[in-house]
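The residues making up each chain are set out below.
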Amino acid sequence: MILGRQGAGKGTQCVRMARHYVVPHISTGDVFRSAVKEGTDLGLKAVEFLDAGKLIPDDVVIEVVRDRLEQPDVRSRGFVLDGFPRTAVQAEALESELSELGLSLDLAIDLQVPENVVLERLAARRVCSTCATNYSTTKPPHVNWTCDVCGGEVVQRADDTEDAIRTRLGGYDGQTAPLIAWFEDRGLLATIDGLGTADEVTQRLVRAVDQQRLG
Ligand code: AMP
């Protein structure tokens, strides 16, 4: 599970970790974005929070994650959690859900990137609206803003505006950052430097996870 300010590279690294360990990538942000796109009830509930960069109410998020954790692929292979938990209530709910399912977390990763770098990355960020692969204005897809992986349209996220970014960073410091101590108390925290190339950061993450899993 990877914690980190928005724009710290959390999404990209979660995708890479899920590929490396061949496990499902559970991203609450992706679930809400596709619900909004499809216009489902969940999407209608989520859209105003998402666009404003505000956290979606705990009960809604917890229900989504609970449904996903109960799928058989999670039980057999494990999982990478991206963007959850983000509040103390969510962390408590995760702990009790996992214990009911007879599962546990290997590690919570705090991916550290200074705020000025985060702001630069968020302003430049572009994502595939179909498969959520990340790009940037400095590293665009090869052809005409269509995704190299799936051919989907590559766009700027609706919540990557200056106001929404400020709200999200404020929410991170107020509600999510305290979880770092929560995981540390449980002996589950690894702090990883998020600066450098994506490959360098992935190597650091894999080393930390392997160390924890293999002892
Ligand atoms: P992300 O893609 O992880 O940056 O999430 C995008 C947006 O989805 C957030 O700004 C929130 O509006 C919503 N969201 C995702 N995960 C959560 C969560 N665990 N709790 C509350 N809101 C969330």
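That block above? That's the structure.
Residues numbered from 1 in each chain as written. Predicted model: local features only at pLDDT ≥ 70, side-chain atom pairs only at ≥ 80, totals over all residues. Heavy atoms only, no water.

Colleague: Tell me about the packing of helix 4 (residues 58-69) against helix 6 (residues 88-101), and please be specific about residues and values.
Modeller: Running from N to C, helix 4 and helix 6 cross one another at 25°; their axes reach a closest spacing of 10 Å. When the axes of helix 4 and helix 6 are compared, the pair comes out roughly parallel. As for how helix 4 packs across helix 6, the hand of that crossing is right-handed. Touching Asp58, Val61, Ile62, Arg66 and Leu69 of helix 4 are Val89, Gln90, Ala93, Leu94, Glu97, Leu98 and Leu101, all from helix 6. (Axes fitted to C-alpha atoms, helices over the stretch in contact; angles between N-to-C directions. Helix = DSSP H or I, 4+ residues; strand = E, 2+ residues; numbered from the N terminus. Parallel < 35°, antiparallel > 145°, perpendicular 65-115°, else oblique. Left-handed = near helix turned anticlockwise from the far one by under 90°. Contact = heavy atoms within 4.5 Å.)

Colleague: Let's hear about the site of the ligand: which residues, and what values?
Modeller: Close to the ligand lie 18 residues, the nearest being Thr28, Arg33, Lys54, Gly83 and Gln90. The contact in question runs from an oxygen atom of the ligand to an N or O atom on the backbone of lysine 54, over 2.7 Å. Between arginine 157 and the ligand, the recorded distance is 3.3 Å, taken from a side-chain N or O atom to an oxygen atom. Among the elements of the structure, helix 2 (28-38) and helix 3 (41-52) are those that each provide at least two residues to the shell around the ligand. When residues of the shell around the ligand are assigned to their parent elements, the largest contribution, 4 residues, is made by helix 2. Looking at the shell around the ligand residue by residue, the class counts come to 7 nonpolar, 4 polar and 7 charged. (Near = heavy atom within 4 Å. Polar contact = N/O pair within 3.5 Å; in protein donor to acceptor, adjacent residues only side chain to side chain. Nonpolar A, V, L, I, M, F, W, Y, C, P; charged D, E, K, R; others polar.)

Colleague: Residue-level account of the pattern of salt bridges, with values.
Modeller: This model, assessed by the stated rule, comprises 11 salt bridges. Here aspartate 199 and arginine 16 are joined by a salt bridge, their closest N and O atoms 2.9 Å apart. Linking aspartate 199 in helix 10 (residues 198-214) with arginine 16 in helix 1 (residues 10-21), this pair joins segments that are 183 residues apart in sequence. (Salt bridge = Lys/Arg side-chain N within 4 Å of Asp/Glu carboxyl O.)

Colleague: Please set out the sheet that holds strand 7 (residues 154-155) residue by residue, giving values where relevant.
Modeller: Taken together, the 3 strands give an open sheet; going across it, the order is 6-5-7, and neighbouring strands pair in antiparallel fashion. The open sheet has two edge strands, strand 6 (134-136) and strand 7, and neither has a second partner. Where strand 5 (residues 125-128) lies against strand 7, 2 bridges are found, and the strand directions are antiparallel. Along strand 7, the bridge assignment pairs cysteine 128 with valine 154. Packing against the sheet, helix 7 (residues 115-124) makes contact with strand 5 and strand 6, and its axis sits at approximately 50° to strand 5. (Pairing = 2+ DSSP bridges.)

Colleague: Describe in detail the pairing of strand 5, supporting the description with residues and values.
Modeller: Every second residue of strand 5 is oriented toward a common face, with Arg125 and Val127 on one face and Arg126 and Cys128 on the other, all of them buried. Joining the antiparallel neighbours strand 5 and strand 6 is a turn of 5 residues, in which alanine 132 adopts a positive phi near 70°. (Buried < 20%, exposed > 50% of the residue type's maximum accessible area, 1.4 Å probe, protein only.)

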